[in-house]
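Below, each chain spelled out in residue letters.
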Amino acid sequence: MTPAGPGIDGYRVLTAGSAALSDVAAPGRRHTVVAMGAVRREALRRWSLVGAGVALLCLLPTALALLPSRIVDADPAGLRALILASAVRPYQGYAASRGEILLPELPALGEVTTLLGPATRIRLWHASPQSWRVAVLDQTGERDTYRTADGTFMWDFERNLVTYVAGVQPLRLPGASDLLPPDLARRLLGGAGAADSLIPLPSRRVAGVDAAGLRLTPTDPETTIGRVDVWADPATGLPVQVEVASRDSAATIFVSRFLDLDQRTPDPGLLTPVLADSAGFTVTTAQDVATVINGVVPVDLPANLAGRPRTANPVAGADLGGVAAYGTGLSMFVVVALPGRVGSQALQAARDKGGTAVTFVGGLGYETRASLIGGLVVRSDGDRRTRRTFVLAGPVSADVLRRAGAELLAAGAGAR
Amino acid sequence: MIAVELGKLARRPRTWLSIGLLCALPVLVAVFLAVTELGPGPGEQPAFLSAVLSNGALFPAAALAIVLPIFLPVAVAVVAGDAVAGEASGGTLRYLLLRPVARTRLLAAKLLSLVAFVLAGVVAVAVTSFIVGVALFPSEPAAVTSVSGVTLTASELAARIAGAVFYVAVSMLGVGAIALFLSTVTDSPLAAALGALAALVTSQVLVTLDAAGAVRPYLPTRYWLAWIDLFRDPILWRDIDRGLGLQAVYVAVFLAMAWANFATKDIKS
């Protein structure tokens, strides 16, 4: 006879195997039935225990998410003022942004394309507007930007390169710091006009903060931004979450939110770049950044485009030749003049990425539309030496960009 | 019983063959890298490989990144899938349970021998890759550049690699637990291993899918690469904590399922 195995305490003889079971129970069929019933009951008990545990684990996140946050009421106008005044507040934490703004990878756009794309993870330490550090994390490296009293340091792990930018950049492409909730909220709310609607939103808990919310709805018919929702700490005004939707769709197109937040001043040691000796090192001046990093050719751009005045230079005395912003508020757009080969690459990229051809008097162009941000690359007729290429981009309608492009070509902006 | 299981594991040639193959892959990559000096471009996997060209002491981290996505989980799934189903298909399970040993204890012993295999595999990869990295590339273990650009001392580097080894080993336990459960369901070790790998592939596909964003935090492979955060300055613990917690949940759930199934299973072979 084959003895049965020691399966369940108390059922050792009867439960280990069908062969053993039949051997032991052979003298009477009644014993077999009793034993099988006990095994089934025990199996049911054990699976019930496991099922209950699994159900509990599955329900736990939902239950935690449903925990009510403290209801915070705040006057939207007062909250907006508090948010705009929060730039001096210190904070540190971990944030994530997620967007559906799929810009074509144009040479002039740098890392903007990826920052506005599917997902970006960012760590940040902010002591003041003059002293902060932002680190964009990915699965193969990290890109840090340090703002110090001496200038800006940029570290790229995968290139093993430190770039030092002396002085203040008068105009630059958006970086990771611009897409964090505090900067993004202040920029969007700061651009709101008096006619724009401002209403309160239900409060919500974000990164441990019971945040008060407000919704800005622009009235400018030329902007593609349909609404801006901001949640901020009602005590300090620090924005903790921003959501942006386009005018065409109610769905949120871009979200930036804190996942962890500590509103204490960060350790100064974390704000000072102590970078490895083995890293490569380059130095550039703020004047060079626009031309070297962004690939810009110095040209004289018109004072007005599409009925919008050129925005005042943010740094007095700085020469921004070849780069300009037009308009105000949420319908601002930028124009960048590109040098020959970079310009050709931009035009080709816009065409290859599904851009729509637009014919102008004196040139041609391709326009791209990325739910929230419109783009247009135009090139004047002429030979390699005389033709000019411009990239126009911003949260404005295609009509505005086309008019601006036509005026640019008509004005014949020339090299200095 | 644990000693018996560990002894069986150590005596099996395929255990050492698996570990040998795990170590061989990074060595092969290192040889190609050293000969051609062509590292991956920015944004291209695996992590740390381009940094190895300037400091070979970082190669253990690159080696972990090389074996983590496929080779290590395959090895773990094969060993865990064989744990109970291998005994059943070989006709030894029935006799094993005669000793007498409680099934729960047998399951625990199988799990512990799996943990030993995973740890041995990951440590072997780290040690061999350090030796190969130092031998084939210019190396300065006392001055390794962290992901954040800060210089790490030799002791800091050793601590972070040890942390990465531990984290990667824990990350494999979720797959191991799934395979161990399936091993109690079927008498075919191959079916158990393939089942666990199917779960793994499903998870890796869903992790990259935006539409699956709601379930992403609960997928077993979601935090597998969080060990890279050990090489940032300061260390980012958020995803590491979540990864360890998630693996603990997977191990607990699938071990409980294995216990519920195996303890009352009708053993026929």
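No experiment lies behind these values; they were computed from the predicted model shown.

Colleague: Please clarify how the overall build of chain A should be interpreted in this entry.
Modeller: Each helix and strand in chain A was counted, giving eight helices and 20 strands. Buried positions account for 49% of the 416 residues belonging to chain A. For chain A, the share of sequence-separated contacts (at least 6 apart) that also reach a separation of at least 24 residues comes to 57%. Accessible area of chain A: about 19,300 Å², with a carbon and sulfur share of 58%.

Colleague: Help me understand the environment of Leu182(B), please; the structure alone is not making it clear to me.
Modeller: Structurally, Leu182(B) can be placed in helix H8 (residues 154–185). Note: C-alpha distance between Leu182(B) and Leu194(B) (twelve residues apart in sequence) is 9.5 Å.

Colleague: Hey, could you run me through the environment of Tyr250(B) in this one?
Modeller: All names here are of chain B. Mapped onto the fold, tyrosine 250 is located in helix H10 (residues 238–263). By relative accessible area, which is 17% here, tyrosine 250 ends up buried. A C-alpha to C-alpha distance of 9.5 Å links tyrosine 250 and leucine 219, two positions 31 residues apart in sequence. The residues contacting tyrosine 250, other than those within four sequence positions of it, are Gly174, Ala177, Tyr218, Leu219, Pro220 and Leu255. From its side chain, tyrosine 250 meets the backbone oxygen of tyrosine 218 in a polar contact 2.6 Å long.

Colleague: How should I be thinking about the side chain of Arg160(B) in this particular structure?
Modeller: Residues and elements named next belong to chain B. Locating arginine 160 in the fold gives a position in helix H8. A polar contact is formed between the side chain of arginine 160 and the backbone oxygen of arginine 232, at a distance of 2.9 Å. The residues touching arginine 160, leaving out its near neighbours within four places in the chain, are Leu152, Leu230, Phe231, Arg232, Asp233 and Ile235.

Colleague: Hey, could you run me through the packing of aromatic side chains in this one?
Modeller: The description of an aromatic ring pair rests on the distance of the ring centres and on the angle between the ring planes. Applying the stated criterion across every chain, the model contains eleven aromatic pairs over all chains. Centre to centre, the rings of Trp47(A) and Phe181(B) are 6.5 Å apart; their planes meet at 75°, and the pair counts as edge-to-face. A residue pair is termed interchain when its members come from two chains, as with Trp47(A) in helix H2 (residues 29–66) and Phe181(B) in helix H8. Residue Trp47(A) is classed as partly exposed on the basis of its relative accessible area of 32%. An aromatic cluster is present here, built from Trp47(A), Phe181(B), Tyr250(B) and Phe254(B) joined pairwise through their rings. One residue, Arg204(A), lies across the ring of Trp231(A), its end atom 3.9 Å from the ring centre.

Colleague: Is there a simple way to think about the pattern of salt bridges in this case?
Modeller: A side chain with one charge can pair with a side chain of the opposite charge if their charged atoms come near. Applying the stated criterion across every chain, the model contains 28 salt bridges over all chains. Note that Arg227(A) and Asp229(A) form a salt bridge whose closest N and O atoms lie 2.7 Å from each other. Linked by salt bridges that have partners in common, Arg133(A), Glu142(A), Asp144(A), Asp229(B) and Arg232(B) make up one network.

Colleague: Any chance you could explain the nonpolar core here in plain terms?
Modeller: Generally speaking, soluble globular proteins have nonpolar side chains that are buried together. Residue and element names in this part refer to chain B. With 89 residues, the main nonpolar core has Phe48, Val118, Trp227 and Phe231 as its most contacted residues. In terms of residue count, H8 provides more of this core than any other element does, 15 residues in total. Apart from the residues within four sequence positions on either side, phenylalanine 231 is in contact with Phe48, Leu58, Ala61, Ser146, Val147, Ser148, Leu157, Arg160, Ile161 and Ala164.

Colleague: Help me understand the sheet that holds strand S17 (residues 356–360) of chain A in this model?
Modeller: By way of backbone hydrogen bonds, the strands of a sheet pair with one another, either parallel or antiparallel. Residues and elements named next belong to chain A. Ordered in space as S15-S16-S20-S19-S18-S17, the six strands form an open sheet in which the pairing is antiparallel. Since the sheet does not close on itself, it has two edges, and those belong to strand S15 (323–326) and S17, each with one partner. Strand-to-strand twist in this sheet, taken as the mean axis angle between neighbours without regard to direction, amounts to 20°. Here strand S18 (residues 363–370) pairs with strand S19 (residues 373–380) via eight bridges, running antiparallel. Residue pairing for S19: threonine 368 is matched across the bridge by glycine 375. Against the sheet, helix H8 (residues 398–411) makes contact with strand S16 (333–338), S17, S18, S19 and strand S20 (389–394), and its axis sits at roughly 20° relative to S19, the strand it touches most.

Colleague: Any chance you could explain the packing of helix H5 (residues 71–89) of chain B against helix H7 (residues 103–136) of chain B here in plain terms?
Modeller: Helix-helix packing is characterised by the crossing angle of the two axes and by the distance between the axes. All names here are of chain B. At a closest axis distance of 10 Å, the pairing of H5 and H7 adopts a crossing angle of 155°. It follows from the interaxial angle that H5 and H7 lie roughly antiparallel. When the axes of H5 and H7 are compared, the crossing they make is right-handed. In contact with Leu72, Ala75, Val76, Val79, Ala80, Ala83, Val84 and Glu87 of H5, H7 contributes Leu107, Lys110, Leu114, Phe117, Val118 and Val122. Its residues assigned to classes, the contact of H5 with H7 comprises twelve nonpolar, no polar and two charged.

Colleague: What should I look at first to understand a nonpolar patch on the surface in this one?
Modeller: Residues Leu119(B), Val123(B), Val127(B), Phe130(B), Ile131(B) and Val134(B) make up a contiguous nonpolar surface patch of roughly 460 Å² in combined accessible area. Along the chain, the position of Val123(B) falls in helix H7.

Colleague: Would you mind going over the pairing of S18(A) with me for this structure?
Modeller: Within a regular strand, side chains alternate between the sheet's two faces. All names here are of chain A. Counting buried positions along S18 yields six of eight residues, so the element is predominantly enclosed. Where S17 lies against S18, five bridges are found, and the strand directions are antiparallel. Bridging across to S18, alanine 357 finds its partner in tyrosine 366. Linking S18 to S19, which pair antiparallel, is a turn of two residues; within it serine 371 sits at a positive phi near 55°.

Here is what the cut-offs are and how they apply
- Residues numbered from 1 in each chain as written.
- Chains lettered and ligands numbered in written order.
- Predicted model: local features only at pLDDT ≥ 70, side-chain atom pairs only at ≥ 80, totals over all residues.
- Heavy atoms only, no water.
- Helix = DSSP H or I, 4+ residues; strand = E, 2+ residues; numbered from the N terminus.
- Buried < 20%, exposed > 50% of the residue type's maximum accessible area, 1.4 Å probe, protein only.
- Contact = heavy atoms within 4.5 Å.
- Areas by Shrake-Rupley, 256 points an atom, 1.4 Å probe, with all protein chains shown as cover.
- Polar contact = N/O pair within 3.5 Å; in protein donor to acceptor, adjacent residues only side chain to side chain.
- Phe/Tyr/Trp six-rings, centres within 6.5 Å; stacked < 30°, edge-to-face > 60°.
- Lys NZ or Arg CZ within 6 Å of the ring centre and 35° of its normal.
- Salt bridge = Lys/Arg side-chain N within 4 Å of Asp/Glu carboxyl O.
- Core = buried A, V, L, I, M, F, W, Y, C linked by side-chain atoms within 4.5 Å.
- Pairing = 2+ DSSP bridges.
- Axes fitted to C-alpha atoms, helices over the stretch in contact; angles between N-to-C directions.
- Parallel < 35°, antiparallel > 145°, perpendicular 65-115°, else oblique.
- Left-handed = near helix turned anticlockwise from the far one by under 90°.
- Nonpolar A, V, L, I, M, F, W, Y, C, P; charged D, E, K, R; others polar.
- Patch = residues over 30% accessible without salt bridge, like charges linked within 9 Å, V, L, I, M, F, W, Y side chains within 5 Å.

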